[in-house]
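Each chain, letter by letter, is given below.
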Amino acid sequence: MTLTLDEIRGRVLALCEGEDDAIALMATMATELFHGVDGFDWVGFYRVTAPGMLKIGPYQGGHGCLQIPFDRGVCGASASRETTLRVDDVDAFPGHIACAASTKSELVVRGFDASGTLIAVLDLDSDTPAFFTAAHQEFIENLVADVFGQITA
Ligand code: SME
């Protein structure tokens, strides 16, 4: 299924309305994004579970590795460098973790709760090189900011 980004945003916000549970929100976002866009071939969250440590959260797609320290992978780099990372060619990214050999490009966005604490990163992987556009990045950053802003506990 391919929906427009606006359609996906509308579905996610409607489904998540009034919810403040982090896992419920992450699970809903993961499935709507994964099924909404052909080319989003893996969509999932890595949660900050201890200082410098990410562990797998809700996801859609093939299995994801369970732990990513902040000094490993695109996910760890996003968390530790405190920025979104959009990687056109994962093979050229030092330290990229290949959970699936088919992954060619990646977008990782940080998620902060209502108090401004980093609680997870959202990792989107594509089997198509340079799949993620500036528009995808802006859409995902805004969606994650809006939905994670509902997390108060
Ligand atoms: N590629 C990620 C690891 C997670 S998976 O691909 C599901 C990374 O380098 O951080």
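The structure we're discussing is the one just above.
Keep in mind that this is a model prediction, so the values were computed, not measured.

Draft legend 1. Broad picture of helix α4 (residues 134–148). Between its first and last C-alpha, α4 extends 21 Å over 15 residues, near the 21 Å set by a 1.5 Å rise per residue. Listed in full, the buried residues belonging to α4 are His 136, Gln 137, Phe 139, Ile 140, Leu 143, Val 144, Val 147 and Phe 148. Seen end-on, α4 carries its buried residues on one side only, within an arc spanning 165°. Buried residues along α4 sit in contact with α1 (5–16), α2 (22–36), β1 (42–50), β4 (85–87), β5 (105–112) and β6 (118–126).

Draft legend 2. Seen up close, the sheet that holds β5. Taken together, six strands build an open sheet; the order of strands is β3-β2-β1-β6-β5-β4 and the sheet is antiparallel. In the strand order of this sheet, the two ends are held by β3 (67–69) and β4, each with one partner. Strand-to-strand, the axes of this sheet are offset by a mean angle of 25°, without reference to chain direction. Bridge count for β1 against strand β2 (residues 53–60) is six bridges, and the pairing is antiparallel. Across the sheet, the residue bridging to Tyr 46 is Ile 56, located in β2. Contacts from helix α3 (residues 73–81) reach β1, β2, β3, β4, β5 and β6, with the element oriented near 40° to β5.

Draft legend 3. Highlighting the packing of aromatic side chains. In the structure shown here, the tally under the stated rule is six aromatic pairs. With a centroid separation of 5.8 Å and 25° between ring planes, the pair formed by Phe 45 and Phe 148 is classed as stacked. Of this pair, Phe 45 sits in strand β1 while Phe 148 sits in helix α4, and the two are 103 residues apart along the sequence. Given the relative accessible area of 0%, Phe 45 is considered buried. Ring geometry for Phe 131 and Phe 132: centres 5.5 Å apart, planes at 90°, overall edge-to-face. Phe 132 matches Phe 131 in its accessibility class, with the two residues each being buried. Here a set of aromatic residues connected by ring pairs shows up, and it is made of Phe 40, Phe 131 and Phe 132.

Draft legend 4. Local environment of the site of the ligand. Every residue close to the ligand is listed here: Trp 42, Tyr 46, Ile 68, Gly 73, Val 74, Cys 75, His 96, Ile 97, Cys 99, Glu 106, Asp 123 and Asp 125. A distance of 3.3 Å separates a nitrogen atom of the ligand from a polar atom in the side chain of His 96. Take Ile 97: an N or O atom from its main chain is 2.8 Å from a nitrogen atom of the ligand. Protein contacts shield 99% of the accessible area of the ligand, which totals 300 Å² for the unbound molecule. Secondary-structure elements contributing two or more residues to the shell around the ligand are β1, α3 and β6. No other element matches the three residues that α3 contributes to the shell around the ligand. Taken together, the residues of the shell around the ligand sort by class into seven nonpolar, two polar and three charged.

Rules used in this analysis
Residues numbered from 1 in each chain as written. Predicted model: local features only at pLDDT ≥ 70, side-chain atom pairs only at ≥ 80, totals over all residues. Heavy atoms only, no water. Helix = DSSP H or I, 4+ residues; strand = E, 2+ residues; numbered from the N terminus. Expected span 1.5 Å × (residues − 1). Buried < 20%, exposed > 50% of the residue type's maximum accessible area, 1.4 Å probe, protein only. Arc of directions from axis to C-beta. Contact = heavy atoms within 4.5 Å. Pairing = 2+ DSSP bridges. Axes fitted to C-alpha atoms, helices over the stretch in contact; angles between N-to-C directions. Phe/Tyr/Trp six-rings, centres within 6.5 Å; stacked < 30°, edge-to-face > 60°. Near = heavy atom within 4 Å. Polar contact = N/O pair within 3.5 Å; in protein donor to acceptor, adjacent residues only side chain to side chain. Areas by Shrake-Rupley, 256 points an atom, 1.4 Å probe, with all protein chains shown as cover. Nonpolar A, V, L, I, M, F, W, Y, C, P; charged D, E, K, R; others polar.

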